[in-house]
Amino acid sequence: MTSRSEPAAPDTSIAADASVQSELDREVGRRRTFAIISHPDAGKTTLTEKLLLYAGAIELAGAVRGRKARKHATSDWMKLEQERGISITAAALEFELEGRRMALLDTPGHKDFSEDTYRALIAADSVVMVIDAANGVEGQTRKLFEVCRRHRLPILTFVNKFDRPARDPLELLDDIESTLGIKAAPVNWPIGNAEHFRGVYDLQRQHLLLYEREMQGQYRAPVDVSDLDDPQARELIGENTYVQFRESLDVIRVAGTQFDIAEYLAGRQTPVFFGSAMTNFGLEPFLRTLVELAPHPHARPSDTGTVEPTDERFTGFVFKIQANMDPRHRDRVAFVRVCSGKFTKDMAVFNSRAGKLIRATRAYRFFGRDRETISEAYAGDIIGLVNPGQFAIGDTVHTGAALKFLDIPRFPPEHFARLRLQDTRYKQFDDGLRQLEEEGLMQVFYVDSGKREPIVGVVGALQFDVIKSRLSNEYGVEINVDPSSFTAARWVADPAKPLPLLGGATTSAADRQQRRVLLFANEWEVQ
């Protein structure tokens, strides 16, 4: 009698590994982490609000200015932001849109942004660039674009405010190419501008999108789609506007840059959309393209090699620290960009700088100031870890073998001022300065003759108002800010080496880590 052998038991470990990998592949594949950059008043905050409106994340798109009854922008949580109607600090907004998990890093849009703005770009995988149709590429856009270029971030461009007087669209494309040195490939084409703005023509789908103004742009605009040669379309557009539109369209079809997705992902070409965020003209095609084309999380270099987003072990880096987002909690939150693996609540993670094991018991997802506790996160997500002094900007957090992501660059301060305390609350003053410096809001220098009156350096001069406002509102400290004649700071490479005789207004100081710093009044002294 022959015995039958029992069938081999399935290898459950292989099945489990495959299940984990498919979960990582799926979740990473549907994530999009992007930042929005622009010059002041180009419409960045309005575009942000409308994006959230289309995603169903908010019911009514708030306007930064206008009716008093309207809410302030969702991403502007700081008191000074709400008072002035501007974005001052980078905010994280996470939401679902057409099956994608979107993480928007809303960067400050005023002329005096801080280091916070630059660091938010480093945490993104792609960028949306908003340009004012009347002004073209402006100064702050150029600064931020250079950071994007260095990090090879793909850029989608939205030329805004075509419902107002605007430059010729062909001229605007030339401005983008000549000023920024990147190819500009139109995806749609505007029909008229200002009071004659009638909509946009989709170059790829070859159909016309006509719009009507409704409710000051607060609600989604209806879309009528018809053929370009439809006599009704010609009548709705108006004869003169139609003729001008067809002439410029013929030019762009023959001589314009053709959209190429590989060139976009490589950062060599920017797809360009025309429209109006305030009145919703051209917004839906742009958002649809953002969802379809914006890249999912990419690999990041570390000191032990490239880290792929689908690697099983959890890794991430701290790109922002924010104190007192919620006055009731008075806590500090470290914003972590997840780079690989899966984060789970209560997991133990290493801080590579401190060499410590930290249990992440309180982890949050953000929507402006609002936060919700999360139990898991994947590459591309932005999570907040409550930070009782355990994290610093640039820290790598991870499970498994030691590694460190490349350092986040510091950007040299361009404006300096002396802070003078108006009472005797030195402890609160020192605590506030230390925490604001931890956030990367400023760099603090102490000269031998003025230990109680430090000199602070910032990237943008508006940060002095931010420092004064936050010390008052969050720490109960009143200060005067006295502008300084210094224009540059340089760290001494070899502390043991005696300094040469300092001439002019050059001053020796120390930072919080007791490193020697020279403060200079002008570029001639630096040289």
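Structure: see above.
Owing to the predicted nature of the structure, the values given are computational and were not obtained by experimental measurement. (Residues numbered from 1 in each chain as written. Predicted model: local features only at pLDDT ≥ 70, side-chain atom pairs only at ≥ 80, totals over all residues. Heavy atoms only, no water.)

### Considering the packing of aromatic side chains
Our working rule: Any two of the Phe, Tyr and Trp rings considered here, Trp counted by its six-membered ring, make a pair once their centres fall within 6.5 Å; the pair's planes then place it as stacked at under 30 degrees, edge-to-face at over 60, or tilted in between. Secondary structure elements are taken from DSSP: a helix is a run of H or I of four residues or more, a strand is a run of E of two residues or more, and numbering for both begins at the N terminus. Burial here depends on accessible area, computed with a 1.4 Å probe over protein chains only, as a share of the maximum for the residue type. Under 20% is buried, over 50% is exposed, and the range in between is partly exposed. Each ring is checked for a lysine NZ or an arginine CZ that lies within 6 Å of its centre and within 35 degrees of its normal; such an atom marks a charge sitting over the ring.
Counted by the stated rule, this structure contains 13 aromatic pairs. Considering the side-chain rings of phenylalanine 273 and phenylalanine 286, the 5.2 Å spacing of their centres and the 80° angle between planes classify their relative orientation as edge-to-face. A residue pair is termed long-range when its members are at least 10 positions apart, and phenylalanine 273 in strand S11 (residues 269-274) and phenylalanine 286 in helix H10 (residues 283-293) qualify at 13 residues. Residues phenylalanine 273 and phenylalanine 286 agree in their burial class; the two are buried. An aromatic cluster of three or more residues is present, and its members are Phe162, Trp189, Phe197, Phe274 and Phe281. Sitting over the face of the ring of phenylalanine 335, lysine 320 holds its NZ or CZ atom 5.6 Å from the ring centroid.

### A word on unusual backbone geometry
Phi angles above zero are rare outside glycine, and aspartate 41 is one such case at about 70°. Structurally, the position occupied by aspartate 41 is in the loop between strand S1 (31-38) and helix H2 (44-54). Overall, aspartate 41 belongs to the exposed group, its relative accessible area being 51%. Positive phi is not limited to glycine here, since glutamate 98 has a value of about 50°.

### Let's talk about the environment of aspartate 303
Our working definition: Any two residues whose heavy atoms approach within 4.5 Å are treated as being in contact. Here a polar contact is recorded for every N or O atom pair within 3.5 Å, except that within protein the pair must consist of a potential hydrogen donor and a potential acceptor, and residues adjacent in sequence are included only if both atoms are side-chain atoms.
Position of aspartate 303 among the secondary structure elements: in the loop between strand S12 (300-302) and strand S13 (305-307). Its relative accessible area of 55% is what places aspartate 303 among the exposed residues. C-alpha of aspartate 303 to C-alpha of lysine 404: the two residues are 101 residues apart in sequence and 5.6 Å apart in space. In contact with aspartate 303, not counting residues within four places along its chain, are Leu403 and Lys404. In terms of polar contacts, aspartate 303 uses its side chain to reach the backbone amide nitrogen of lysine 404, at 2.8 Å.

### As for the packing of helix H11 (residues 426-438) against helix H12 (residues 462-475)
Selection rule: Here an axis means a line fitted to C-alpha atoms, over the contact stretch when the element is a helix, while the angle between two N-to-C directions is reported on a 0 to 180 degree scale. For classification purposes, an angle smaller than 35 degrees is called roughly parallel, one larger than 145 roughly antiparallel, one from 65 to 115 roughly perpendicular, and anything else oblique. When the near helix sits turned anticlockwise from the far one by under a right angle, the crossing is termed left-handed; a clockwise turn instead gives a right-handed crossing. For this classification, the nonpolar set comprises Ala, Val, Leu, Ile, Met, Phe, Trp, Tyr, Cys and Pro, the charged set comprises Asp, Glu, Lys and Arg, and every other residue, Gly included, is treated as polar.
Contact geometry for H11 and H12: axes closest at 10 Å, N-to-C directions at 120°. The angle between H11 and H12 places the two elements in the oblique class. Here H11 and H12 pass one another in a crossing that is right-handed. Two secondary-structure elements touch here, H11 through Gln428, Phe429, Gly432, Leu433, Gln435 and Leu436 and H12 through Ile467, Arg470, Leu471 and Tyr475. Of the residues in the contact of H11 with H12, the class split is 6 nonpolar, 3 polar and 1 charged.

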